[in-house]
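The lines below spell out each chain.
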Amino acid sequence: MALNKEQWSADIQENRFKNNAILSRAVNHDLWITNKTVHIPQAGANPSVTKNRTSFPASIAQRTDTDLTYDVNAYYLDPIMIEKAQEAHFISYDKRMSVMGQQLSTMEEYITNNVLYAWAPSGSATQVRTTGSADGLALAPSATGTRKAITLADIQKAKAILDAANIPQEGRVLLMQSDIYNSHFLSISNIAQAYAFGQAVLPTGVVGRIMGFDVMIRSTVVVFDNTGTPVIKTVGDNGVPTSPTTSDNMACLAYHPNYVCRAIGSVDVSVSEDAPGYYGASIIESVQHLGAAKLRTDQAGIVAIIQAA
């Protein structure tokens, strides 16, 4: 009786990862990645102005400056073992290159998740709630029910907050969660038509412009709770909320890159050949350092557009 032959493709279907191009839209603090803590000086109050002064000499004051700090953390990926026989002849694809590529992409996704949560603002002064029609097409991973869609008026409110804070017009970014973009934003009258023609996606990840914002999309952005003044969810080491609930709300971030920062080190990949105790296997492991923050203690320059139930 003849045996059936088996054929293995020389290619492997790799995992898919989120859009992380947003990391380039921030002040670059990579120069300070070797420090444990980064200090960002904050200028004190502006001086007063007196018209037609008649009393001299004028009283002299001092400006009291403060600082904002953020920590640089080390992110370690769990080691992956590749058996010696696998590398030699048991598989048809280059597993070592596949594993290393997977580690690099996974690390970039995890650190981008953490960066966005570090940038997300708190407090009602920097938040806008959505006001459109309610449906269940765009929900946080654990959420149930319906949420109000984003509207042009909501985006305009976020723009007004940035305008009032004297944030530069040029270079603003609107980072939208992909379900909100596809199911709600593109359903706004005339938006789909305007974006349908002559709107090639740029290498930077920009999919269009609205009210002066470069629109970018990502499958996850940030998630808030459903309290009166929504609070950003606590996330784990991978940048994913640790205590999801059915009332969670997704949010978009409207901001200017000059008002957020990130310090990102290179990914250090180590390969141990012929590892003792593992029968000659190769052990691949990775570590990367990351820190991120809003650049001002008053949180100027960034607004969260948060879903409302």
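Residues numbered from 1 in each chain as written. Predicted model: local features only at pLDDT ≥ 70, side-chain atom pairs only at ≥ 80, totals over all residues. Heavy atoms only, no water.

**Student:** Residues and numbers for the overall build of the chain, please.
**Tutor:** Helix and strand counts for the chain stand at 5 helices and 16 strands. When the 309 residues of the chain are sorted by exposure, 41% land in the buried category. For the chain, long-range pairs separated by at least 24 residues make up 78% of all intrachain contacts whose partners lie at least 6 apart in sequence. Taken as a whole, the chain presents about 17,200 Å² of accessible surface, with 53% of it coming from carbon and sulfur. (Helix = DSSP H or I, 4+ residues; strand = E, 2+ residues; numbered from the N terminus. Buried < 20%, exposed > 50% of the residue type's maximum accessible area, 1.4 Å probe, protein only. Contact = heavy atoms within 4.5 Å. Areas by Shrake-Rupley, 256 points an atom, 1.4 Å probe, with all protein chains shown as cover.)

**Student:** Just give me the short version of the confidence of the model for the chain, but keep the residues and values in it.
**Tutor:** Of all residues in the chain, 87% attain a pLDDT of 70 or more, and the chain-wide mean is 87. Below pLDDT 50 for its whole length, residues 4–17 participates in 12 contacts with residues either more than four positions away or in separate chains. (pLDDT = per-residue confidence, 0-100.)

**Student:** Lay out the side chain of Ser 282 in plain terms, naming residues and giving numbers.
**Tutor:** With respect to the helices and strands, the residue Ser 282 is situated in strand β15 (residues 282–294). At 3.5 Å, the side chain of Ser 282 forms a polar contact with the side chain of Glu 273. (Polar contact = N/O pair within 3.5 Å; in protein donor to acceptor, adjacent residues only side chain to side chain.)

**Student:** So what's going on with the environment of Gly 132? Which residues, and what values?
**Tutor:** By the element assignment, Gly 132 lies in the loop between β5 (127–129) and β6 (134–135). For the pair Gly 132 and Leu 152, spaced 20 residues apart in sequence, the C-alpha separation works out to 9.2 Å. Those residues in contact with Gly 132, other than ones at most four positions away along the chain, are Lys 148, Ala 149, Thr 151 and Asp 154.

**Student:** Could you give an account of unusual backbone geometry, with specific residues and numbers?
**Tutor:** In this structure, the amide linkage connecting Phe 56 to the following residue, Pro 57, adopts the cis form with an omega of -5 degrees. Within the secondary structure, Pro 57 sits in the loop between β2 (37–42) and β3 (66–71). Phi at Asn 166 takes a positive value of approximately 60 degrees, unusual for a residue other than glycine. Note that Asn 166 resides in the loop between α3 (152–164) and β8 (173–177). Under the relative-accessibility criterion, Asn 166 is labelled exposed at 65%.

**Student:** Tell me what's going on with the nonpolar core, and back it up with residues and numbers.
**Tutor:** Across soluble globular proteins, nonpolar side chains have a tendency to be buried as a group. By size, the foremost hydrophobic cluster in this structure holds 57 residues, and its most contacted members are Trp 119, Leu 174, Met 176, Phe 185 and Val 222. In this structure, Leu 174 is in contact with Ile 155, Ile 210, Phe 213, Asp 214, Val 215, Met 216, Cys 252, Leu 253, Ala 254 and Ile 305, ignoring residues within four places of it in sequence. (Core = buried A, V, L, I, M, F, W, Y, C linked by side-chain atoms within 4.5 Å.)

**Student:** Describe in detail the layout of surface pockets, supporting the description with residues and values.
**Tutor:** Over the atoms rolls a probe the size of a water molecule, and its path tells where empty space is left. Estimates place the volume of the largest pocket at around 260 Å³. What lines the largest pocket is a set of 20 residues, among which Tyr 117, Pro 141, Thr 220, Val 223 and Pro 241 lie closest to the centre. (1 Å grid on protein atoms, 1.4 Å probe; cavity = no way out; pocket = protein on both sides within 12 Å on 5 of 7 lines; lining within 4 Å. Points joined across faces, edges and corners; volume = space filled by probe spheres on them.)

**Student:** Talk me through the pattern of salt bridges; I want residue IDs and the actual numbers.
**Tutor:** Counted by the stated rule, this structure contains 8 salt bridges. Close ionic contact of Asp 214 with Arg 25 constitutes a salt bridge, the shortest N to O distance being 3.2 Å. Residue Asp 214 is located in strand β10 (residues 213–218), and its partner Arg 25 is located in the segment before β1 (27–28); the two are separated by 189 residues in the primary sequence. Like Arg 25, Asp 214 is buried. For the salt bridge of Arg 209 with Asp 214, the shortest nitrogen-to-oxygen distance reads 2.4 Å. (Salt bridge = Lys/Arg side-chain N within 4 Å of Asp/Glu carboxyl O.)

**Student:** Describe the packing of aromatic side chains, with residues and values.
**Tutor:** Inspection of the entire model under this criterion finds 2 aromatic pairs. Ring geometry for Trp 119 against Tyr 255: centres 5.4 Å apart, planes inclined by 45 degrees, an arrangement best described as tilted. Of this pair, Trp 119 sits in helix α2 (residues 95–119) while Tyr 255 sits in strand β12 (residues 249–255); the two residues are 136 residues apart in sequence, bridging distant segments of the chain. (Phe/Tyr/Trp six-rings, centres within 6.5 Å; stacked < 30°, edge-to-face > 60°.)

**Student:** If you had to explain α3 to someone new, which residues and values would you point to?
**Tutor:** Between its first and last C-alpha, α3 extends 18 Å over 13 residues, near the 18 Å set by a 1.5 Å rise per residue. Residues of α3 that are buried: Asp 154, Ile 155, Ala 158 and Leu 162. End-on view of α3: buried residues confined to an arc of 100 degrees, all on one side of the axis. On its buried side, α3 packs onto β5, β8, β10, β12 and β16 (302–306). Residue Asn 166 follows α3 closely and has a positive phi angle near 60 degrees. (Expected span 1.5 Å × (residues − 1). Arc of directions from axis to C-beta.)

**Student:** Could you give an account of the side chain of His 256, naming the residues involved and the relevant values?
**Tutor:** Take His 256: it is sitting in the loop between β12 and β13 (260–264). Ignoring any residue separated from it by four or fewer positions in sequence, one finds His 256 in contact with Ile 167, Pro 168, Glu 170, Gly 171, Arg 172 and Gly 301.

**Student:** An account of the pairing of β13 is requested, with residue identities and associated values reported.
**Tutor:** Counting buried residues along β13, 5 of its 5 residues qualify, which places the element largely inside the surrounding structure. The side-chain alternation of β13 yields two buried faces, one formed by Val 260, Arg 262 and Ile 264 and the other by Cys 261 and Ala 263. Where β1 and β13 come together, 2 bridges link them in parallel fashion. Paired with Val 27 across the bridge in β13 is Cys 261. As paired strands, β13 and β15 are joined by 5 bridges and run antiparallel to one another. Within β15, the position partnered with Ala 263 by the bridge is Gly 291. (Pairing = 2+ DSSP bridges.)

**Student:** So what about the environment of Gly 212? Which residues, and what values?
**Tutor:** Positionally, Gly 212 belongs in the loop between β9 (206–210) and β10. Given the relative accessible area of 26%, Gly 212 is considered partly exposed. Sequence separation between Gly 212 and Leu 174 is 38 residues, and the spatial gap between their C-alpha atoms is 9.3 Å. When neighbours within four sequence positions are excluded, Gly 212 is seen to be in contact with Gln 169 and Arg 172.

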